[in-house]
Amino acid sequence: MKIEGKEYRTIWFDEKNQTVKIIDQTKLPHQFIIKDLKTVKDAINAIKIMEVRGAPLIGGTAAYGIVLAIMEKNDPNFIKKSSEDLIKSRPTAINLKWAVDRMMKKLTGINNNELLKVALDEAKTICDEDVKFSENIGLNGLKIIEEIYNKKKDTVNILTHCNAGWLATINWGTATSPIYHAHKKGIPVHVWVDETRPRNQGANLTSYELNEEDIPNTIIADNTGGILMQRGEVDMCIVGTDRTLSTGDVCNKIGTYLKALAAYDNKVPFYVALPSSTIDWDTKDFKDIPIEERSSEELSHIDGLDKKGNVEKVLIYPKKSSSINLAFDITPAKFVTSLITEKGICEASEEGLKGLFK
Ligand code: MRU
């Protein structure tokens, strides 16, 4: 997708410099900075401090992390240890483990002098496939938006939470992909963007990327969705997910559950868009999903532009207060209207998912 009219992906391999390039998302929306990852430690750190974030992009970065490890030291113990460290870098998004496991499986039995080439090809394939997955999610989700538009004959108002946009994937996004496809088809859409405290991925990233694609959007405080739904100003909700169980239970950015409850009460359809790499087929009980707890500083401090245009971090809480920062919550399947995947749309249930993915 575009930034200032120029097409980008969120991650790519720079053949000339033999580095991995990323867009540093901690600097958006105030600064657009492309950063080099040169070592596996750089990749782990980028995932931990959220220079890259969003389940599919975390997966893509982990895949390139294995490539960087091989470039540093083509030694089986180092590569294995690197793969374990990568998996530990963020616990909730399942795409991370999925990508590392896939890379390690691909490398099994490959001899040393071919290892780097095989790893690089596989990392590129994982990223290319993700682009295709996101594109197909968009084409499938487009049908839902089209249906609403054909009935309403007016702008379709869509609420989204966090950033499940192209910045969270390699391109297109999951939740935003149907929106981009609808816009390209000339269907008028307007997006209610949940600010998404504490890190404000909605305001900082979703609104930013929608602006760059000229899609009308309005940032709302996280608590505003309920009244907008009661007033009939939301036609549908669409969110992404960090891990969806085979039961159809959806783990996503903190606050998703409350939005789903409000949608359920107001009979607003609530969709979850996901590639198959986000399905956790093994965990059966959502209480077993590891929920990441991040630093309280993400709540107590906020970045903004000062009068001179410099980015500054300020404390917004009483110095003595304590806080807790759980990064994800679970939306039980019964509150999810449908799942939108690269293979089609299905019920949020084992039957639904198995119908699409054998
Ligand atoms: O903590 P983040 O910013 O990595 O969380 C991202 C989300 O919750 C997204 O909604 C999810 O990863 C889906 S991304 C296509």
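The model shown is predicted, which means the values in this text are computed figures rather than measured ones.

Student: Before we move on, can you summarise the layout of surface pockets with the specific residues and values?
Tutor: Volume-wise, the largest pocket comes out at about 690 Å³. Lining the largest pocket are 28 residues, and of these T26, R199, N204, D303 and K313 sit closest to its centre. Among the elements of the structure, α7 (201-212), α10 (297-300), β14 (301-305) and β15 (311-315) are those that each provide at least two residues to the lining of the largest pocket. When its residues are assigned to classes, the lining of the largest pocket shows eight nonpolar, nine polar and eleven charged. Two domains share the lining of the largest pocket, each providing at least three of its residues, namely domain 1 (2-129) and domain 2 (139-356). Looking at the second largest pocket, the residues that line it are I94, K97, W98, D101, R102, K105, I279, D280, W281 and D282. Here the element with the most residues in the lining of the second largest pocket is helix α4 (residues 95-107); it accounts for five residues. Two domains each donate at least three residues to the lining of the second largest pocket, and these are domain 1 (2-129) and domain 2 (139-356).

Student: Lay out α4 with the relevant residues and their values.
Tutor: With 13 residues, α4 should cover 18 Å at 1.5 Å per step; its first-to-last C-alpha distance of 18 Å lies within 8% of that length. Those residues of α4 that sit buried are N95, L96, A99, V100, M103 and L107. Projection of α4 onto a plane perpendicular to its axis shows the buried side chains occupying an angular sector of 130 degrees, all on one side. The elements touched by buried residues of α4 are α1 (40-48), α2 (55-72), α3 (76-88) and α5 (112-152). Trailing α4 by a residue or two, G109 shows a phi angle of about 85 degrees, which is positive.

Calculation criteria
Residues numbered from 1 in each chain as written. Predicted model: local features only at pLDDT ≥ 70, side-chain atom pairs only at ≥ 80, totals over all residues. Heavy atoms only, no water. 1 Å grid on protein atoms, 1.4 Å probe; cavity = no way out; pocket = protein on both sides within 12 Å on 5 of 7 lines; lining within 4 Å. Points joined across faces, edges and corners; volume = space filled by probe spheres on them. Helix = DSSP H or I, 4+ residues; strand = E, 2+ residues; numbered from the N terminus. Nonpolar A, V, L, I, M, F, W, Y, C, P; charged D, E, K, R; others polar. Domains from an automatic or database assignment. Expected span 1.5 Å × (residues − 1). Buried < 20%, exposed > 50% of the residue type's maximum accessible area, 1.4 Å probe, protein only. Arc of directions from axis to C-beta. Contact = heavy atoms within 4.5 Å.

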